[in-house]
Amino acid sequence: LGAHEFDLENLEEFFLDDLFKANHRPSQNFSLIKYFFEKAIFSENIELNEKLKLIPFIYSEEDLLRTPQSICFPTIKYENEMGTGVTLINNEVYGRIALNHQLKNWLENLGVKEPSDISYIENEIIGNIDECIDKDNYIEITRFLFSKYKKGLLDEMHYIKLNQLKLFTTDEDFSPASS
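Attention in this report is confined to the structure presented alongside it. Everything quoted here is computed from the prediction, not taken from an experiment.

Observations concerning the overall build of the protein
Inference 1: Along the backbone of the protein there are nine helices and four strands.
Inference 2: When the backbone C-alpha atoms are referred to their principal axes, the protein occupies close to 60 × 35 × 30 Å.
Inference 3: Long-range pairs, those at least 24 residues apart, make up 62% of the contacts in the protein with a sequence separation of at least 6.
Inference 4: Of the roughly 10,800 Å² of accessible surface on the protein, a fraction of 50% belongs to carbon and sulfur atoms.

Focus on helix α8 (residues 138–150)
Inference 1: The end-to-end C-alpha distance of α8 is 18 Å, a good match for the 18 Å that 13 residues give at a rise of 1.5 Å each.
Inference 2: Where α8 is concerned, the buried positions are Ile141, Phe144, Leu145, Ser147 and Lys148. An end-on view of α8 places all buried positions within 160° of arc, on one side of the element. In this structure, α8 carries Arg143 and Lys150 as exposed residues pointing more than 90 degrees from its buried face.
Inference 3: Close packing links the buried residues of α8 with α7 (117–125) and α9 (156–162).
Inference 4: Two residues or fewer after α8 comes Gly152, characterised by a positive phi angle close to 75°.

Looking at the nonpolar core
Inference 1: Counting residues in hydrophobic clusters, the biggest one holds 25 residues, and the most contacted among them are Ile33, Phe57, Ile58, Ile89, Ile97, Trp106 and Leu107.
Inference 2: Sorting the residues of this core by element identifies α3 (26–42), α4 (47–52), β1 (58–59), α5 (91–97) and α6 (101–110) as the ones contributing at least two each.
Inference 3: The element that contributes the greatest number of residues to this core is α3, accounting for six residues.
Inference 4: Once residues lying within four places of it in the same chain are set aside, the contact partners of Ile33 are Phe57, Ile58, Val93, Ile97, Leu103, Trp106 and Leu107.
Inference 5: With 18 residues, the next largest nonpolar core counts Cys72, Leu88, Ile125 and Leu165 among its residues.

Thoughts on the packing of α7 against α8
Inference 1: The geometry of α7 relative to α8 is characterised by a closest axis approach of 11 Å and an angle of 135° between their N-to-C directions. Considered as vectors, α7 and α8 are oriented oblique to each other. Considering the relative orientation of α7 and α8, their crossing is left-handed. Taken together, the residues of α8 that come into contact with α7 (itself represented by Asp117, Tyr120, Ile121 and Ile125) are Ile141, Phe144, Leu145 and Lys148.

Conventions adopted
- Residues numbered from 1 in each chain as written.
- Predicted model: local features only at pLDDT ≥ 70, side-chain atom pairs only at ≥ 80, totals over all residues.
- Heavy atoms only, no water.
- Helix = DSSP H or I, 4+ residues; strand = E, 2+ residues; numbered from the N terminus.
- Contact = heavy atoms within 4.5 Å.
- Areas by Shrake-Rupley, 256 points an atom, 1.4 Å probe, with all protein chains shown as cover.
- Expected span 1.5 Å × (residues − 1).
- Buried < 20%, exposed > 50% of the residue type's maximum accessible area, 1.4 Å probe, protein only.
- Arc of directions from axis to C-beta.
- Core = buried A, V, L, I, M, F, W, Y, C linked by side-chain atoms within 4.5 Å.
- Axes fitted to C-alpha atoms, helices over the stretch in contact; angles between N-to-C directions.
- Parallel < 35°, antiparallel > 145°, perpendicular 65-115°, else oblique.
- Left-handed = near helix turned anticlockwise from the far one by under 90°.

Here's what the structure looks like:
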């Protein structure tokens, strides 16, 4: 009959499947999140939470599925000095999350953050390290990162991950910082 079984090993494949993406809506997303929350709380499988940190199952404002580690709660209006913000959870979905304190804490443990300069660096720059730099924004992003460095806001993990950041070279090309 064409039935498929999805287990922990192929859970990400399920969420990336075109059929799922075509049929899953923000109005259904809270039920999915709540299901995973209950499964994680009542399960002795510690691996589930680790796997969920990397799986795009939370709708963003743009109605795209994002991982917990690449999305923020829409609790405050955030805009950095470049005039850009962070990727936020869909308002309809967050409205229901906000009513369940335990579920919100669980999402925080999975990596969902409050909007801030650090969440911008982690989500929008490091999370998109291959695409975040171009000829139009490289000076702005470099200055932004340097200002956060001067303020002591970056830690060793940031430096390690930023070594793949593309820098504009004297050859007028972009090359990863580590090369």
